[in-house]
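If you want the building blocks of each chain, they are given just below.
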Amino acid sequence: YSPNGPGTPVMQNQEKADAPPSVFLSMLEYYLVVFIRYPLATPETQAATASSSASAPRIGSIHRSPYLSSRNVEPYGETVYYELFTQYINYYVPVRGSRRGNFEFASLQRPSELFVRITMALWLEGQNELAPTATACAALQQRRGPDVSLDLDASFDLVKATYRAPPKQVVRCLHSLVLKVVADSTLADVAEHVRKDLKGRSLDFLCLSKTMEIMQQPFFNHIRNVFRHASMHSKDSIFHSTMNDWLAWLEPWNTQYYSTKNTVRGTVSRSSKDRSPTQARYVQPKATQSSRYTPDWEAYIASNLHFYTVPLALFLRRARELDFSPAVHQKSLEIVMKVFRVYSKDVVAVINRLLQERRNGVRGDSSSPAPSVVNYVGMVKKHEHNLGSFAPPEVFLSLSSLRNDVHNLLEEMYLQHLKNVEKLDFLDRAIAAIEGAFGSGQSKKEERDLHAITEKAKAIFGFPNDYQVVADKSKPRGTDQRAEKAVASERTAEGFFSSSGLARIAEGEIKCKPEDVVYRGDRMHSRVQSYEWKPAVDVLINVSEALNKRFGLDEEGKRVNLRFFADYRNILFIFLIFQILRWILT
């Protein structure tokens, strides 16, 4: 069935049209196909607000009274669909909500498996088709040469697909499905059983429920495709929603279990004895919260090893596009911190050990593990087999190969922070110094967060202990000074790079920093800034030009510029001084 066409089988030619159907569905199963396909075939609706124009309503809009509040209201059809889908996953996706020592996952009946597979096929696999790893590697080697690295730093270039964003309703329902499957208590029971009771054995199964095994490949490709192509700044982008789904998949140990006495049962349940929908819930951790990982979850990491590596490489490459301007600098830092907090010291140690065991397997080293250690090689191979042709290339993968992307990201954050600090005027610097003395203030908090992110990056990616993102200006910088002189020697008298300088930049021999960019033109006639009062700017510029013309002051030399009086902060400062003098004199 076509995911976007009419609800009839797709026939390639007349011979296939005369052939009997190869799939027989019951009435309920056919309903599930139509239900899951509904968000793809329905046009996007828009939430209505009280401030909507009085023109003719668009498709999906709702007529609202002007006396209602101006908040967005979701169309009724989308609300009903989401509630129905939530009830269906409670019924068709079996999970256990309490720790009872279950060492086997609940089996999927035909309707349940059909529900999950159709959801993945229509929502994820039917929307975007990615090129297999072998095809992407061949294209990359043809473009950059046969000696190009295929380590984790090449993950960004190995995503070859035409991106088509899924509808919002699909994204919302997919989020509910992910939170549902990671809250299965059997994950913790099986992982603990593997670590304690199966030491020294070769494991050829996955520490995943049947539902998660079905979801693993399409969800993996969905994350890769969104991280590679989706916008990070568009209001309708699904980048951040997909990032939250990915982080939830990485940390099922954030699930909290509740007693049935303190919860409310769902309206639909598989049986009267099944209390799983009301006993477990995944709780999204804060960016500064410590990881709750324990060694009992090693089997789960082995079953999802490439979820911890490939999407991380894609995120690091795209994270430089985050907005680190003063207005949202702290919010962007928290996004990076939210990802880095997953990779605690213990989690990184497990990932590095599994990658090393995978390397030994690729090299043909079949040495048997110690009896006191769990052998996860077979589990990792099972995981790659489940990913199929989209598994990473069979080369040695290492988190240290991402150091260049991490350094570029950290450098971007630090330089933007220094640039924001340099823009502060005398009054702002004084306030920041006073707040910093008491351990508070926005600038002080940003410095602490930057330091925490840097220390976290050192631990994850193996930077040396003396690693510095930006060289300390208070210390001698022989290498940096030589680099700055090399950059300066390639500039013309007007400040532009010469032809040889541009060639050296293209070859990577030298680089220019964002803080080296200077303003060109007349600052007095620059566009109105966010901290200026526009009516006052126009008046003060005219007055300044009149005074300069009256006294014959040269524009290239000293002249009168009264524009600083249009700064809100200076206006407030002058007003405070006036009030203080008035109070003293009276």
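Numbers given for residues are sequential positions, taken from 1 along each chain in its written order. Given that this is a predicted model, residues contribute local features only at a pLDDT of at least 70 and side-chain atom pairs are listed and counted only at 80 or more, while totals for whole chains, interfaces and linings are drawn from all residues. Note: side-chain values were computed over all heavy atoms of the structure, leaving out hydrogens and water.

K.L.:
Even after reading the chapter, I still don't get the overall build of the protein, so can you show me in this structure?
P.N.:
Helix and strand definitions here come from DSSP, where helices need a minimum of 4 consecutive H or I residues and strands a minimum of 2 consecutive E residues; each element is numbered from the N-terminal end. The secondary structure content of the protein amounts to 21 helices and two strands. For the protein, the proportion of its 586 residues judged to be buried stands at 41%. At a minimum sequence separation of 6, the contacts of the protein that also span at least 24 residues come to 77%. The Shrake-Rupley method, run with a 1.4 Å probe, gives the accessible areas here. Residue values count only the displayed protein chains as cover. Just so you have it, the protein exposes about 32,800 Å², and 55% of that area is on carbon and sulfur atoms. Each residue's exposure class comes from its accessible area (1.4 Å probe, protein chains only) as a fraction of the maximum for that residue type: buried when under 20%, exposed when over 50%, partly exposed otherwise. For this analysis, residues touch if any pair of their heavy atoms sits within 4.5 Å.

K.L.:
I keep staring at the packing of helix α3 (residues 76–92) against helix α4 (residues 110–125) and nothing clicks. Help me out?
P.N.:
A packed helix pair is summarised by two numbers, namely the angle formed by the two axes and the spacing between the axes. For every element, the axis is a line fit to its C-alpha atoms; helices are fit only across the contacting stretch, and the angle between N-to-C directions ranges from 0 to 180 degrees. Interhelical geometry of α3 versus α4 gives an angle of 135 degrees and a closest axis separation of 9 Å. Here α3 lies oblique to α4, going by the angle between them. The interaxial crossing formed by α3 with α4 has left-handed handedness. Contacts from Y81, F85, Y88, I89 and Y92 in α3 reach P111, S112, F115 and W123 in α4. Any angle from 65 to 115 degrees is called roughly perpendicular, while one under 35 is roughly parallel, one over 145 is roughly antiparallel, and all others are oblique. By definition, turning the near helix anticlockwise from the far helix through less than a right angle yields a left-handed crossing, and turning it clockwise yields a right-handed one.

K.L.:
Explain the side chain of N225 here, please?
P.N.:
Turning to its location among the elements, N225 is positioned in helix α8 (residues 210–229). Note on N225: relative accessible area 3%, which makes it buried. By the criterion applied in these results, polar contacts are pairs of N or O atoms within 3.5 Å in which, for protein atoms, one can donate a hydrogen and the other can accept it, and in which residues neighboring in sequence qualify only through two side-chain atoms. For N225, the side chain forms a polar contact with the side chain of H229, separated by 2.8 Å. N225 has contacts with N128, L130, V159, A161, T162, Y163 and A230, leaving out every residue within four places of it along the chain.

K.L.:
Any chance you could explain the confidence of the model for the protein here in plain terms?
P.N.:
Predicted coordinates in areas of low pLDDT are best not read in detail. For the protein, per-residue confidence averages 79 on the pLDDT scale, and 74% of positions sit at 70 or higher. Summary of the metric used: pLDDT quantifies the predictor's per-residue confidence within the range 0 to 100. In this model residues 48–70 is a low-confidence stretch, pLDDT under 50, and it forms 28 contacts with partners more than four residues away in sequence or in other chains. Contacts from residues 262–278, a stretch scored under 50 in pLDDT, to residues over four places away or in other chains number 27 contacts.

K.L.:
Honestly, the environment of R563 in this entry has me stumped. Any pointers?
P.N.:
Tracing the backbone shows R563 in the loop between α20 (534–551) and α21 (568–585). By relative accessible area, R563 is classed as buried at 5%. Distance in space between the C-alpha atoms of R563 and A536 is 8.1 Å, their sequence separation being 27 residues. Beyond its immediate chain neighbours, meaning those up to four positions away, R563 contacts R523, M524, H525, S526, R527, V528, Q529, E532, V537, L540, I541 and S544.

K.L.:
So what exactly am I meant to see when it comes to the pattern of salt bridges here?
P.N.:
What counts as a salt bridge is simple: a side-chain nitrogen of Lys or Arg found within 4 Å of a carboxyl oxygen of Asp or Glu. Within the structure shown, the criterion is met by 17 salt bridges. Linking R341 and E251 is a salt bridge whose minimum nitrogen-to-oxygen distance equals 2.7 Å. With R341 in the loop between α12 (329–340) and α13 (345–362) and E251 in the loop between α9 (239–250) and β1 (255–257), the pair connects residues that are 90 residues apart, well separated along the chain. For R341, a relative accessible area of 6% gives the class buried. Looking at E251, the relative accessible area reads 1%, which means it is buried. Residues joined in a network through salt bridges with shared partners are E298, R353 and E357.

K.L.:
Mind showing me how you'd approach the packing of aromatic side chains here?
P.N.:
Describing an aromatic ring pair means giving the distance of the ring centres and the angle of the ring planes. Within 6.5 Å between ring centres, the rings of Phe, Tyr and Trp (the latter by its six-membered ring) count as paired, and their orientation is classed by plane angle as stacked under 30 degrees, edge-to-face over 60, tilted in between. Going through the model one piece at a time under the given rule, you end up with 22 aromatic pairs. When the centroid spacing of 5.4 Å and the interplanar angle of 15 degrees are considered together, the rings of W249 and F307 count as stacked. Residue W249 is found in helix α9, and its partner F307 is found in the loop between α10 (298–303) and α11 (310–318); the two are separated by 58 residues along the sequence. Note on accessibility: W249 and F307 belong to one class, buried. Connected via pairs of aromatic rings, a cluster forms that spans Y31, F35, Y38, Y81, F85, Y88, Y91, Y92, F115 and W123. Just above the ring of Y531 sits the side chain of R569; from NZ or CZ to the centre is 4.4 Å. Put simply, a charge is over a ring when the Lys NZ or the Arg CZ is close to the ring centre, within 6 Å, and near the line of the ring normal, within 35 degrees.

K.L.:
When you look at a nonpolar patch on the surface in this model, what are you seeing that I'm missing?
P.N.:
A cluster of nonpolar side chains, F564, F565, F573, I574, I577, I580, L581, W583, I584 and L585, forms an exposed patch at the surface whose accessible area comes to about 1,100 Å². With respect to the element layout, I584 can be found in helix α21. Its relative accessible area of 53% is what places I584 among the exposed residues. In this analysis, a patch consists of residues with relative accessible area above 30% that form no salt bridge, clustered at 9 Å for like charges and at 5 Å for the nonpolar side chains Val, Leu, Ile, Met, Phe, Trp and Tyr.

K.L.:
Teacher, can you tell me more about the side chain of N304 here?
P.N.:
Turning to its location among the elements, N304 is positioned in the loop between α10 and α11. When neighbours within four sequence positions are excluded, N304 is seen to be in contact with L208, Q216, W249 and H383.

K.L.:
Before we go on, may I ask you to explain the nonpolar core in this structure?
P.N.:
Note that soluble globular proteins tend to have their nonpolar side chains buried in a common cluster. Definition used in this section: a nonpolar core is a set of buried Ala, Val, Leu, Ile, Met, Phe, Trp, Tyr and Cys residues joined via side-chain atoms within 4.5 Å. Of all hydrophobic cores here, the largest spans 120 residues; its most connected members are W123, W246, Y343 and F461. Contact partners of F461, with chain neighbours within four places excluded, come to L312, L316, F340, L399, S400, L402, R403 and V406.

K.L.:
Just to check I follow, could you spell out the packing of α11 against α12 for this structure?
P.N.:
Axis separation between α11 and α12 bottoms out at 12 Å; the angle between their running directions is 165 degrees. It follows from the interaxial angle that α11 and α12 lie roughly antiparallel. Along this stretch, α11 crosses α12, giving a crossing that reads as left-handed. For the pair α11 and α12, the contacting residues are L312, F315 and L316 in the first and I335, V336, V339 and F340 in the second. Its residues placed into classes, the contact of α11 with α12 shows seven nonpolar, no polar and no charged. Polar here means any residue outside two lists: the nonpolar Ala, Val, Leu, Ile, Met, Phe, Trp, Tyr, Cys and Pro, and the charged Asp, Glu, Lys and Arg; Gly therefore counts as polar.

K.L.:
Would you mind going over α3 with me for this structure?
P.N.:
Residues separated by three or four positions in an α-helix point in the same direction, a consequence of the helix having 3.6 residues per turn. Between its first and last C-alpha atoms α3 spans 24 Å; for 17 residues at 1.5 Å apiece the expected length is 24 Å, and the two agree. Residues of α3 that are buried include every one of Y81, Y82, F85, T86, Q87, Y88, I89, N90 and Y92, and no others. Those residues of α3 hidden inside the fold are in contact with α2 (27–41), α4 and α6 (168–182). Residue count minus one, scaled by 1.5 Å, sets the expected span of a helix.

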